[in-house]
Amino acid sequence: MLDWIRRHWKALSALALLTLLPLLLLGTIAEDVHEREAFGWEAPLMSALRAQAPGWFAGVARALSTIGSSFVMLPFCAALALWLWTRSHSVARYFLLSVGGAVLLNVLLKLAFQRARPQVVPWLWQEGDTSFPSGHSSMAAALAVTVAALLWRTRLRWWAAGLGALYAVLMGVARVYLGVHYPTDVLAGWALGLAWAGGVALLLWARLREAQRGESEGHVRRAAS
């Protein structure tokens, strides 16, 4: 048993960090939200963030919310999926499953929980749907994991992972700062995006690597011809 664990340590670590721990966090928060339990630390945190953040962050938060909105993300992801389709059908399908699946799950959870948006600080951004989990946060996390997985065989992988994590964190903080999400909405959104996209990446890792190797070999043949 110990030998098997040592041989598969990297895969088991990735499974725990990318899927199991986020699912545990999501389940814990979702249970409390379902039972209408109060999170006493959320309102003070939201008020403190609004009071202590520098004035210029309001513009950054609005810009991030615009970038993460469906009006921007849907055309962007559609264009990126189309571009990937011209290079590898398998890679494009992976991208659509990873990002699209996270979006679909977020919509279903919003419909299931119907959590009202917070009324703690005045809103600096208008929203009309329910609050839990944060769609902007789950989309940002899923997109970050998906892009990092696509670039993992390149020298850009750590840049992609770092910038993706920064983007996801800033997106979540921005949504709380704007007053339209509780911190637990954001934590659940991050957990959902990470668990889904991480699980898809681990499940399809071998097929994704094979497709990317085939793509690279095709470029080499075309360049040599």
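Look up a bit, the structure's there.
What counts as what
Residues numbered from 1 in each chain as written. Predicted model: local features only at pLDDT ≥ 70, side-chain atom pairs only at ≥ 80, totals over all residues. Heavy atoms only, no water. Salt bridge = Lys/Arg side-chain N within 4 Å of Asp/Glu carboxyl O. Helix = DSSP H or I, 4+ residues; strand = E, 2+ residues; numbered from the N terminus. Buried < 20%, exposed > 50% of the residue type's maximum accessible area, 1.4 Å probe, protein only. Arc of directions from axis to C-beta. Contact = heavy atoms within 4.5 Å. Patch = residues over 30% accessible without salt bridge, like charges linked within 9 Å, V, L, I, M, F, W, Y side chains within 5 Å. Areas by Shrake-Rupley, 256 points an atom, 1.4 Å probe, with all protein chains shown as cover. Axes fitted to C-alpha atoms, helices over the stretch in contact; angles between N-to-C directions. Parallel < 35°, antiparallel > 145°, perpendicular 65-115°, else oblique. Nonpolar A, V, L, I, M, F, W, Y, C, P; charged D, E, K, R; others polar. Core = buried A, V, L, I, M, F, W, Y, C linked by side-chain atoms within 4.5 Å.

Attention now moves to the pattern of salt bridges. In total, this model carries four salt bridges according to the counting rule given. A salt bridge links Glu127 to Arg117, with the shortest nitrogen-to-oxygen separation between them at 3.9 Å. Pair noted here: Glu127 is in the loop between α6 (89–113) and α7 (135–150) and Arg117 is in the loop between α6 and α7, with a separation of ten residues, a long-range link. Relative accessible area serves as the criterion here: at 21%, Glu127 is assigned to the partly exposed category. Note on Arg117: relative accessible area 8%, which makes it buried. We note a salt bridge from Arg175 to Glu127, for which the minimum N-O separation is 2.5 Å. With Arg175 in helix α8 (residues 157–177) and Glu127 in the loop between α6 and α7, this residue pair connects regions lying 48 residues apart in the sequence. Shared partners join several salt bridges into a network, and the residues in it are Glu42, Arg115 and Asp185.

The set of residues buried in helix α3 (residues 42–52) consists of Glu42, Met46 and Arg50. End-on, the buried residues of α3 take up no more than an arc of 65°, which puts them together on one face. Away from its buried face, by an angle of more than 90 degrees, α3 presents the exposed residues Ala51 and Gln52. Structurally, α3 contributes buried residues whose contacts are with α8 and α9 (183–203).

This next bit is on the environment of Tyr94. Following the sequence through the fold, Tyr94 ends up in helix α6. Look at Tyr94 and you get buried, because its relative accessible area is 2%. Measuring from C-alpha to C-alpha, the distance between Tyr94 and Ala197 comes to 9.7 Å, with 103 residues separating the pair along the chain. Not counting residues within four places of it along the chain, the set of residues in contact with Tyr94 comprises Thr146, Ala149, Leu150, Val200, Ala201, Leu204 and Leu208.

Turning our attention to a nonpolar patch on the surface. On the surface, a nonpolar cluster with roughly 440 Å² of combined accessible area is contributed by Val103, Leu104, Val107, Leu108 and Leu111. Here Leu104 lies in helix α6. Since its relative accessible area comes to 52%, Leu104 is described here as exposed.

A separate point is the packing of α3 against α8. Running from N to C, α3 and α8 point in directions that differ by 95°, and their axes come no closer than 9 Å. Here α3 is positioned roughly perpendicular relative to α8, judged by the angle of their axes. Of the residues in α8, those touching α3 at Met46, Leu49 and Arg50 are Val173, Val176 and Tyr177. Classifying every residue of the contact of α3 with α8 by side-chain character gives five nonpolar, no polar and one charged.

One finds Cys77, Leu84, Tyr94, Phe95, Val99 and Leu150 to be the most contacted residues of the largest nonpolar core, which totals 16 residues. For this core, the elements supplying multiple residues, two or more each, are α5 (70–87), α6, α7 and α9. Counting residues per element, this core draws most heavily on α6, which supplies five residues. Setting aside anything within four residues of it in sequence, one finds Phe95 in contact with Cys77, Leu80, Ala81, Leu84, Gly100, Leu143, Thr146 and Leu150. Core analysis: the next-biggest nonpolar cluster, separate from the first, contains twelve residues, Ala58, Ala140, Ala174 and Tyr177 among them.

To continue, consider the environment of Trp196. Considering the arrangement of structural elements, one finds Trp196 in helix α9. The spatial distance from the C-alpha of Trp196 to the C-alpha of Gly101 is 7.4 Å, given a sequence separation of 95 residues. In this structure, Trp196 is in contact with Leu97, Ser98, Gly101, Ala102 and Leu105, ignoring residues within four places of it in sequence.

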